[in-house]
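Notes for the structure review
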Amino acid sequence: NAGRMDAILNMKKAEIKGATVWGKEGGLIQNEYSAKLDKRTTDTLQKIGKATGTKIIVEAIPAELNANGYYRDSDGTIHIDSNTTQPVMTVVKHELTHRMQSLAPKEYTQFRNYAVQVTSEKGWGMYGSNTAVEAMQREYAKRSDGRVQLSTEDAMDEIAANYTEKILTDEKALNDSVSHGTKS
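Below or above, wherever it landed, is the structure these notes cover. All of these numbers come straight from a predicted model, not from anything done at the bench. (Residues numbered from 1 in each chain as written. Predicted model: local features only at pLDDT ≥ 70, side-chain atom pairs only at ≥ 80, totals over all residues. Heavy atoms only, no water.)

Topic: the sheet that holds strand S3 (residues 69-72)
- Pairing is mixed across the open sheet formed by four strands, whose spatial order is S1-S2-S4-S3. Two strands close off the open sheet at either side, each with one partner strand: strand S1 (27-28) and S3.
- Against the sheet, helix H3 (residues 88-103) touches S3 and strand S4 (77-81), its axis set at about 25 degrees to S3. (Pairing = 2+ DSSP bridges. Helix = DSSP H or I, 4+ residues; strand = E, 2+ residues; numbered from the N terminus. Contact = heavy atoms within 4.5 Å. Axes fitted to C-alpha atoms, helices over the stretch in contact; angles between N-to-C directions.)

Put into structure tokens, the structure is as follows:
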């Protein structure tokens, strides 16, 4: 999953006073790694970055961190591993959810709680039980050889980010989510 090991890369979340909300400098940061992306991906990342006021940086993330990308709350940047095992757009969708978390915490919490509920009920992926949070915690612990122990909140955040990927690629899931939102 695109967000595996976000907890390792969490940049001292508790010490951060606030995220960069929006900036004109948003977009794909040009460097030796972004130069290797195809034009379509480059253009799309540039548009997403500009539209959200988010800098997107492609870089070499150390292999021992076992991460495809991360969101750094302190400066509102999305980082994508140049050797990601996931499609770049999958990683970006996942990390944008973490950005939403810092920009609109109240709304994000509602979305996150819904995502956990639906993920548990629908049985999508490995979270196909009423213990989606515990399953996410086990996944992180296993992939990090026990170095990462997600809190309940952190596990719920990862489920929400994975759910965002799901609704952006699964029309039925998106329609169900929209239908739920209009009933609330």
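Okay, back to it.
Concerning the pattern of salt bridges
- In this structure the tally under the stated criterion is five salt bridges.
- Among the ionic pairs, Glu-139 bridges to Arg-143, the shortest N-O distance being 3.3 Å. Taken together, the residues Glu-139 and Arg-143, both in helix H5 (residues 132-143) and four residues apart, mark about one turn of the helix.
- Salt bridges linked by common partners bring Arg-112, Glu-153 and Asp-157 together as one network. (Salt bridge = Lys/Arg side-chain N within 4 Å of Asp/Glu carboxyl O.)

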